[in-house]
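Breakdown of the fold
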Amino acid sequence: MNWDARLKAIWGLPPDAPVDLIAWLSAVHPDDRHRVEKALAQCRDPAGDGVYSIEHRVIGSGDGVERRIAMRGHTRFEDGRPSGFVGVGLEIAEPTSDEATGRANDQALRRFAEQSAHVLWLADLGNGRRTYLNLALREVWGLPQEALASIESWLGTIHPDDRDSVSRSIERAAEGHVAVLEYRILRPSDRTVRRIRDTFFPIRGEAGDTNQSIGRALGFGPCTVQIHRADSWRYSGSEPCRKTY
């Protein structure tokens, strides 16, 4: 398992500590263990949608501190078997009043987001606006947050050969599905190509409809990796990501 230092800290682990399934489950509060194990089993079931979504308590393995965490993730399947998992975890405040808890969680999310090396975003699928983008956008896209304030402006930075598959992923998110994809962007600041691995998590409203999506994007390179997902574009060229178009 590949966890960043902040998630390890929630589990009471040092930044260099190895993490496996045993370490993950051993810190889960005993009263929440059954729910967590059930949620894990469901997200690994090929007959399901692969979604992992749960809030529970953990007791830090190294510091004994009880914390509350919200986790969202999605399992990838190949040939009917789990092949990978991507997700995010966020420490949240203990519930007091709904309003106070909401403010505390918003503040915790913002602190986490602004320190993350991943591009974290929130989009309104109804009006096509990006309602939140963190500071990592400048490093990965080479642009300030206000430059990609809409889904349309974001699509404009995506390589033309990959734009259709990304548009389809937005449609899948609007239908309530988690979408994991890889695509290329043409950085407007220097017209260089960069590869992006992005995950879309749908957010359902009170009526059950999907009106928002939250996501996590990571820039990586060079452009030599062949995409293995059947519903995504495939690219097996050897040009580095620094090539100018």
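Counting starts from 1 at the beginning of each chain's written sequence and moves along it residue by residue. Under the rules for a predicted model, residues below a pLDDT of 70 receive no local features and side-chain atom pairs below 80 are neither given nor counted, while totals for whole chains, interfaces and linings still include all residues. Side-chain measures were taken over the full set of non-hydrogen atoms in the model, leaving aside hydrogen atoms and water.

1. Overview of the packing of aromatic side chains
For any two aromatic rings, the description comes down to two numbers: the centre-to-centre distance and the angle of the planes. Each Phe, Tyr or Trp ring (for Trp, its six-membered ring) is paired with any other whose centre lies within 6.5 Å, and the angle between the two planes then decides the class: stacked below 30 degrees, edge-to-face above 60, tilted in between. Scanning the model with the defined rule gives eight aromatic pairs in all. Plain terms: the ring middles of W24 and Y52 are 6.0 Å apart, the flat faces sit at 85 degrees to each other, and that makes the pair edge-to-face. Of this pair, W24 sits in helix α2 (residues 21-26) while Y52 is found in strand β1 (residues 51-59), placing the two residues 28 residues apart along the sequence. Summary of the burial criterion: residues with accessible area below 20% of their type's maximum are buried, those above 50% are exposed, and those between are partly exposed, where the area comes from a 1.4 Å probe applied to protein chains only. Accessibility expressed as a relative area gives 1% for Y52, which makes it buried. With 6.0 Å between their ring centres and 75 degrees between their planes, Y52 and F85 make a pair best called edge-to-face. In DSSP terms, a helix is any run of H or I states spanning at least four residues, a strand is any run of E spanning at least two, and both are numbered starting from the N terminus.

2. Re helix α7 (residues 163-174)
By definition here, a helix of n residues has an expected span of 1.5 Å times n minus one. With twelve residues, α7 extends 17 Å between its outermost C-alpha atoms, agreeing within 8% with the 16 Å of an ideal straight helix rising 1.5 Å per residue. Within the span of α7, buried status applies to S165, V166, S169, I170 and A173. Each buried residue of α7 lies within a common arc of 150 degrees when the element is viewed along its axis, so the set occupies one face. Of the residues flanking the end of α7, it is G176, one or two places downstream, whose phi is positive at about 100 degrees. Regarding the arc, it is the one traced by the directions from the helix axis to the C-beta atoms.

3. Thoughts on the confidence of the model for the protein chain
In this model, the protein chain carries an average pLDDT of 78, and 76% of its residues clear a pLDDT of 70 or more. For the protein chain, the element scoring lowest by mean pLDDT is helix α4 (residues 98-114), at 61; helix α3 (residues 33-43) scores highest, at 92. Counting interchain partners and residues more than four positions distant, the pLDDT-below-50 stretch residues 222-245 has 62 contacts. Looking at any residue, its pLDDT shows the predictor's confidence there, from 0 to 100. When checking whether two residues touch, look at their non-hydrogen atoms; a contact exists if any pair is within 4.5 Å.

4. Points about the nonpolar core
Side-chain atoms within 4.5 Å are what join buried Ala, Val, Leu, Ile, Met, Phe, Trp, Tyr and Cys residues into a set we call a nonpolar core. Within the largest apolar cluster, 24 residues are counted, with the highest numbers of intra-cluster contacts made by V119, W141, W154, Y183 and F200. Counting residues per element, the ones that place at least two in this core are β4 (119-124), α5 (136-141), α6 (151-155), α7, β6 (179-186) and β7 (193-204). Not counting the four nearest positions on each side in its chain, W141 is found in contact with V119, L148, W154, T157, Y183, I185, R187, P188, S189, I196 and A217. One finds L7, W11, V19 and I54 within the second-largest nonpolar core, a separate group that totals 20 residues.

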